[in-house]
Amino acid sequence: MASATVMHGRRKGQSKSAGLIDVNSLPPGVGSGNNMTIDELRSMTILSKSDWERIQYSLNRRQIEEEKIRKEREEREALRDRSKEIVKNWTNTIAGQRQKKLEARRIREEKEEEERKQVDIEEAKYQAEKRKEAIEKAKTQQYYQTDRVKQFHGALLLTEVLKEREAQLELKSLMSKADEGRDREWLEQTQREMEHGIREDQQAALQRLVKRKDCADFQKAQIKKHLHEADEVKEDGRHEGEELKRLAIQYALEKQRLEQIRHAEQKSTMNDNLRQINDVKRMKEVQRQQEEEEDEECRIFGAAKRKMMKLRAEKEKNLYNEKQTRLSKIRDKLAAQMKQKHDDEDERIRQAVEEGEAKRAAEDALKDAKTKVILEEMSKHRVEQMKDLEEQEALERRKELEMLLLRKEADRVFQQNEEEKRRRQFDERKKLSNFHLKQKDEHIDNATAAKQAELNQAKANVDLLQIEEEQFQEYANKVIDHCRKGGRNLYPLKKAAKAGCGGGLGPQFPGKGGIRPSYMVADLSGVQLPNYQRDSTNETKETIYGDNQTNKRLGFVWKKDKEAKQQKESC
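Residue indices begin from 1 for each chain and proceed along its sequence in written order. This being a predicted model, a pLDDT of at least 70 is required before a residue's local features are given, and a value of 80 or more before pairs of side-chain atoms are given or counted; all residues contribute to the totals for chains, interfaces and linings. Heavy atoms from the whole structure form the basis of all side-chain values; hydrogens and water molecules are not counted.

Student: I keep staring at the nonpolar core and nothing clicks. Help me out?
Tutor: Soluble globular proteins: nonpolar side chains tend toward being buried together. The set of buried Ala, Val, Leu, Ile, Met, Phe, Trp, Tyr and Cys residues whose side-chain atoms join them within 4.5 Å is what this entry labels a nonpolar core. Here the term buried applies to any residue with accessible area under 20% of the maximum for its type, exposed to any over 50%, and partly exposed to those in between, with areas from a 1.4 Å probe on protein chains only. V149, F152, A155, F472, A476, V479, I480, C483, L490, L493, A496 and A497 form the largest nonpolar core, which has twelve residues in total. For this core, the elements supplying multiple residues, two or more each, are α5 (147-178), α6 (183-485) and α7 (491-496). Only runs of H or I of at least four residues qualify as helices and only runs of E of at least two qualify as strands under DSSP, and these elements are numbered from the N terminus. No other element matches α6, which puts five residues into this core. Note on definitions: a residue-residue contact is assigned when non-hydrogen atoms from the two residues lie within 4.5 Å. Each residue touching F152, except ones within four places of it in the same chain, is listed here: F472, Y475, A476, V479, L493, A496 and A497.

Student: Sorry if this is basic, but what is going on with a negative patch on the surface here?
Tutor: A cluster of like negative charges, contributed by E384, D388, E390, E391, E393, E396 and E400, occupies part of the molecular surface. Along the chain, E400 turns up in helix α6. Two joining distances apply to patches: 9 Å for like charges and 5 Å for nonpolar side chains (Val, Leu, Ile, Met, Phe, Trp, Tyr), and every residue must have over 30% relative accessible area and no salt bridge. Surface exposure here means Shrake-Rupley accessible area, sampled with a 1.4 Å probe, where a residue is shielded only by the protein chains that are shown. Salt bridges, as used here, are contacts in which a Lys or Arg side-chain nitrogen is within 4 Å of a carboxyl oxygen on Asp or Glu. Working convention for charge: Lys and Arg count positive, Asp and Glu count negative, and His plus the chain ends are omitted. Here the site of a charge means NZ on Lys, CZ on Arg, CG on Asp, or CD on Glu.

Student: So what exactly am I meant to see when it comes to the pattern of salt bridges here?
Tutor: Side chains that differ in charge, positive against negative, can pair when their charged atoms come close. Going through the model one piece at a time under the given rule, you end up with 25 salt bridges. For E242, the salt bridge is made with R238, and the minimal N-O distance between the two is 3.0 Å. One end of the pair, E242, and the other, R238, are both in helix α6, four residues apart, so they sit about a helical turn from each other. R238 sits in the partly exposed class, given a relative accessible area of 39%. A single network of salt bridges, built from pairs that share partners, joins E67, R70 and E74.

Student: What should I look at first to understand a positive patch on the surface in this one?
Tutor: Taken together, the side chains of R73, R76, R80 and K84 present a region of like positive charge at the surface. Summarising the element assignment, K84 is placed in helix α3 (residues 61-87).

Student: Looking at this structure, I do not really get the packing of aromatic side chains. What am I missing?
Tutor: Two descriptors summarise a pair of aromatic rings, namely the distance from one centre to the other and the angle between the planes of the rings. In summary, the pairing rule links any two rings of Phe, Tyr or Trp, Trp by its six-membered ring, whose centres are within 6.5 Å, and it sorts them by plane angle into stacked for under 30 degrees, edge-to-face for over 60 and tilted for everything else. Counted according to the given criterion, the structure contains three aromatic pairs. For the ring pair Y144 and Y475, a centre distance of 6.3 Å and an interplane angle of 40 degrees mean the geometry is tilted. Taken together, the residues Y144 in helix α4 (residues 94-144) and Y475 in helix α6 connect sequence positions 331 residues apart. Among the residues examined, Y144 registers a relative accessible area of 34% and is labelled partly exposed. Residue Y475 is classed as partly exposed on the basis of its relative accessible area, which comes to 25%. With a centroid separation of 5.6 Å and 80 degrees between ring planes, the pair formed by F152 and F472 is classed as edge-to-face. With F152 in helix α5 and F472 in helix α6, this pair connects stretches of sequence that are 320 residues apart. An aromatic cluster is built from Y144, F152, F472 and Y475, whose rings are joined through pairwise contacts.

Okay, structure coming up:
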């Protein structure tokens, strides 16, 4: 058994005695599983590498060219990027100079931005300090506007007023002591001042008289001037009145002429209207005459037409009579001819009758055949119709059965949907119930939290009141020490600086931040009670109720309060 030699390029040949081919030398895909003969192997074409590459290139030319173009484009882009990277730092080019200027501008703008940021920071700090000072000033002013501080400042003002009053009293006493020996000198000086004042008043009176005389002369001259101007005005008014009168007369004449022209125009218009009315009347008369003439012509035409119709009817009647006469003559002549021919035509009639009967028999036979065919077709058609009807009924019964099944399925789906709907509604109601319970718990928690927040706020308010009380006492003590060093009366300040805010006369509430409430009387006077409860009111209670045991808070019922009440009601 010889093995075939296969090489790239031209084949050299093989032994003629070779009947089989070595399996190892076969190409891939050809083996024991493929029953390939020697002739088939000989019909195979073996390509060289260059031919294979040429065939592959011709088949994949587009992809190869696109890949080549893509690689060239990538190389050009890489080259351009490398060129840009090389020349981007050159300073001797227009782009480099522009880039350098842009970089310098960027650096300058960054530096200016940093400076502006620094200025903004300093300005923000300054504004923060100003806001802080304004807030502190506002807090101070707001603190000074509180009732307690205002009351304390009022007490301070009262202290200053008392101090000033004491100083004025002391100054008055010193001045009275100093002026005891100077009364006589003061009287003489007063006398001299009075005489000098009288002389000055006389001179002033003389000057006033001179001024009055000058003013009177000026007013007289002004009056004369006004009278002269009034005369001129009257003269001008008289001339103007004459001119107006002349113009009024001229206006009346012009008006009269216009009235005459208007009357003439009205008269001419009236004449024109009368003339037109007469023309209209004449036109109506002419039109009436024309209508009468036309009516007469219509009547004549109608009479002539009726006469013509009568003549035409008579002529038609005559023509009809003549026609009937001619027809009767023709009929008699035809009857004579038919009677003459009657005997000759009996044989022809008999033959015609026999031929007609034969023809009718043939026609009846043909008609019976056609009728038989039609009956057979009708029977066949009836059978087919009955079969179609049965098939249609079966189809309808099958459709009804399918519809019944569909309805049952729809009922089942509907029941399933209803069950799903009821289950979903139950779940929703359950969720809603849980939500309501949760919401109720949240409301309880919110109410508890709000109550706790209110307690915390009350505690914070108490702490804040305590802090305010300490600040106020510190401020008040400093002011009282300063006033003590200045020798002021400290009673109003101590009373205003008494511990406990509220300004009342009652005892402090330690649980409410040291508030000192005020209690008003029960009558219309609205005055404050001197204290919450004191022994001095027992006498009043005993006077009203007869004993000293009562749980009511009573005010004073003094006589002056009743009188004040009566005065208010009378007002």
